[in-house]
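Chain residues, written in single-letter form:
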Amino acid sequence: MMLAYRGAAFEDRMYSLQPQEDGGWGAPAWFDTDRPPLRERNAFINLPYLVDHESGIVVSQSTALYQFLGRKLGLMGENEAERAATEQ
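Residues numbered from 1 in each chain as written. Predicted model: local features only at pLDDT ≥ 70, side-chain atom pairs only at ≥ 80, totals over all residues. Heavy atoms only, no water.

Engineer: Just to check I follow, could you spell out the overall build of the chain for this structure?
Structural biologist: When helices and strands are counted, the chain shows four helices and four strands. Listing every helix and strand of the chain by position from the N terminus yields α-β-β-α-β-β-α-α. Compactness check: the chain gives a C-alpha radius of gyration of 16 Å against a globular reference of 12 Å for 88 residues, more than 25% above the reference. Dimensions of the chain, computed from C-alpha atoms along their principal axes, come out at roughly 55 × 25 × 25 Å. When the 88 residues of the chain are sorted by exposure, 23% land in the buried category. For the chain, contacts bridging at least 24 residues in sequence account for 16% of all contacts bridging at least 6. When the 8 positive and 13 negative side-chain charges of the chain are each reduced to one mean point, those points stand 5 Å apart. (Helix = DSSP H or I, 4+ residues; strand = E, 2+ residues; numbered from the N terminus. Rg over C-alpha atoms; globule rule 2.2 N^0.38 Å. Buried < 20%, exposed > 50% of the residue type's maximum accessible area, 1.4 Å probe, protein only. Contact = heavy atoms within 4.5 Å. Lys, Arg positive; Asp, Glu negative; His and termini not counted. Charge placed at Lys NZ, Arg CZ, Asp CG, Glu CD.)

This is how it looks when you write it as structure tokens:
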């Protein structure tokens, strides 16, 4: 929503779950295809994640994504009170 709000171009990638033989669920497109090369760039990679193609930075974890995008898109506030509000 932050990217859409700022009118930034982005790709919203979704992963389909598929039933596994053991009765669980898996996302092979994530675990087998997309995650391994991203893990080389960020050892903490997991869903959700963001690849900033301008800087090459790969960010994972919801709060880290919000903070990264807030700084990058100018949405973190202009003073301490506004920054505290956005961090909450």
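Engineer: Looking at this structure, I do not really get the UniProt feature "domain: GST N-terminal" (unreviewed entry) in the chain. What am I missing?
Structural biologist: The UniProt entry lists residues 1-77 under the feature "domain: GST N-terminal" (unreviewed entry), expressed in the numbering used here. Secondary structure across residues 1-77 comprises 39% helix and 13% strand; the distance between its end C-alpha atoms is 17 Å. (UniProt positions renumbered as here; feature names shortened; annotations may be inferred.)

Engineer: Looking at this model, I keep getting lost on the nonpolar core. Mind explaining?
Structural biologist: One recurring pattern in soluble globular proteins is that nonpolar side chains are buried together. Counting residues in hydrophobic clusters, the biggest one holds seven residues: Leu3, Leu50, Val59, Leu65, Phe68, Leu69 and Leu73. Considering every element that reaches this core, the biggest residue donor is helix α3 (residues 62-72), with three residues. With residues up to four places along the chain from it excluded, the contact list for Leu69 reads Met2, Leu3, Leu50 and Gly74. (Core = buried A, V, L, I, M, F, W, Y, C linked by side-chain atoms within 4.5 Å.)

Engineer: I tried to follow the pattern of salt bridges on my own but got confused; where do I start?
Structural biologist: Proximity of charged atoms lets side chains of opposite charge pair with each other. Tallied over the full model, the rule gives five salt bridges. The salt bridge partner of Glu80 is Arg83, with a shortest N-O separation of 3.0 Å. Of the two residues, Glu80 and Arg83 are both situated in helix α4 (residues 80-87); the distance of three residues between them amounts to about one turn of the helix. Three or more residues are tied together by salt bridges with common partners; here these are Glu11, Arg13 and Asp34. (Salt bridge = Lys/Arg side-chain N within 4 Å of Asp/Glu carboxyl O.)

Engineer: Looking at this structure, I do not really get unusual backbone geometry. What am I missing?
Structural biologist: Excluding glycine, residues mostly have negative phi values, and the peptide bonds linking residues are mostly trans. A cis amide bond, omega -5 degrees, links Leu47 with the succeeding residue Pro48. Among the secondary structure elements, Pro48 is positioned in the loop between α2 (28-41) and β3 (49-51). Its identity as a non-glycine residue notwithstanding, Gln61 has a phi of 100 degrees, on the positive side. With respect to the element layout, Gln61 can be found in the loop between β4 (58-60) and α3. Note on Gln61: relative accessible area 45%, which makes it partly exposed.

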